[in-house]
Amino acid sequence: MSATVIPQYAESLPPEETIASKQQDLQDAQQIVAGNAPEIASPPDTMVVLPRGLRHEGAWHTESVVRELTGADEEVLARQKNNEAIFTTVLALGVERIGKVTLSEMPLSDRMGALSSLLVGEREQLFLRISIATYGDTRKITYTCPACLEAGEVPLTLSQDIKLPAMADPYTDYEYTTSKGRLVKFRLATGADQEEAAVRPTLAEQNTILLSECIISADGSPLVDPIGFARNLSMR
């Protein structure tokens, strides 16, 4: 049923233009009081597809999910003694699952053990995504010009400016011919190799341990003394 305007009151009603103007004035007043509506940023992408992933029940699982770290996680991290322990703990706290493996339901030590089998680059890929989920995607990098000594800032968008190279085949072993003509077969380094090397006091010793862990054979024969073989390689 449509509303009927009683004739004797029709002339007292304001025209439609006046009503529209008053509504606009009201909206303008509300805008002044409340300000602009806040822009809510889109939630970060917490899915990470790994090049090789985690081996579980005879299959490789590559789809992983990370989460934002919390104050409780910060307390755990504050108890770590060095940067290597902090890095490993961030991964164990921030990675929720890889494929069918739900890491968040496992004890922290078991999570670390599972994540140590990932490739070194995969661990850094997950660490980067946890950082984005926790602190946001943008950073400001400060620098000092070596010529004029003026300070400056460079904006950085982590998800766009840090490019992840594609891997042709992360599952295979590789070969390399040394300067002495020996054919070395090696595998890609994992988190376990990295953790084993990190306890050494110097970078040179860390390199030796990492090589000794990853070299499988030389000229088709297993290494009797992996550390000794790595030390005898050229520095180049």
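Structure's up top.
Visitor: Can you walk me through the sheet that holds strand 2 (residues 59-66) in this structure?
Guide: The antiparallel open sheet is built from four strands, whose spatial order is 1-2-3-4. Lying at the two open borders of the sheet, with one neighbouring strand each, are strand 1 (47-56) and strand 4 (101-102). Looking at chain direction, strand 2 and strand 3 (residues 95-98) are connected through three bridges and run antiparallel. When the bridges of strand 3 are listed, Val66 appears paired with Val95. With respect to the sheet, helix 4 (residues 83-94) is in contact with strand 2 and strand 3, its orientation differing from that of strand 3 by roughly 70 degrees.

Visitor: Can you walk me through unusual backbone geometry in this structure?
Guide: Most peptide bonds adopt trans geometry, and most residues besides glycine take a negative phi value. Despite not being glycine, Glu57 shows a phi value in the positive range, around 55 degrees. Position of Glu57 relative to the elements: it lies in the loop between strand 1 and strand 2. Take Glu57: its relative accessible area is 69%, and that puts it in the exposed class. In this structure, Leu149 takes a positive phi of about 65 degrees despite not being glycine. Inspection of the secondary structure assignment puts Leu149 in the loop between strand 5 (138-144) and strand 6 (151-157). With relative accessibility at 66%, the residue Leu149 sits in the exposed group.

Definitions and limits used
- Residues numbered from 1 in each chain as written.
- Predicted model: local features only at pLDDT ≥ 70, side-chain atom pairs only at ≥ 80, totals over all residues.
- Heavy atoms only, no water.
- Pairing = 2+ DSSP bridges.
- Helix = DSSP H or I, 4+ residues; strand = E, 2+ residues; numbered from the N terminus.
- Contact = heavy atoms within 4.5 Å.
- Axes fitted to C-alpha atoms, helices over the stretch in contact; angles between N-to-C directions.
- Buried < 20%, exposed > 50% of the residue type's maximum accessible area, 1.4 Å probe, protein only.

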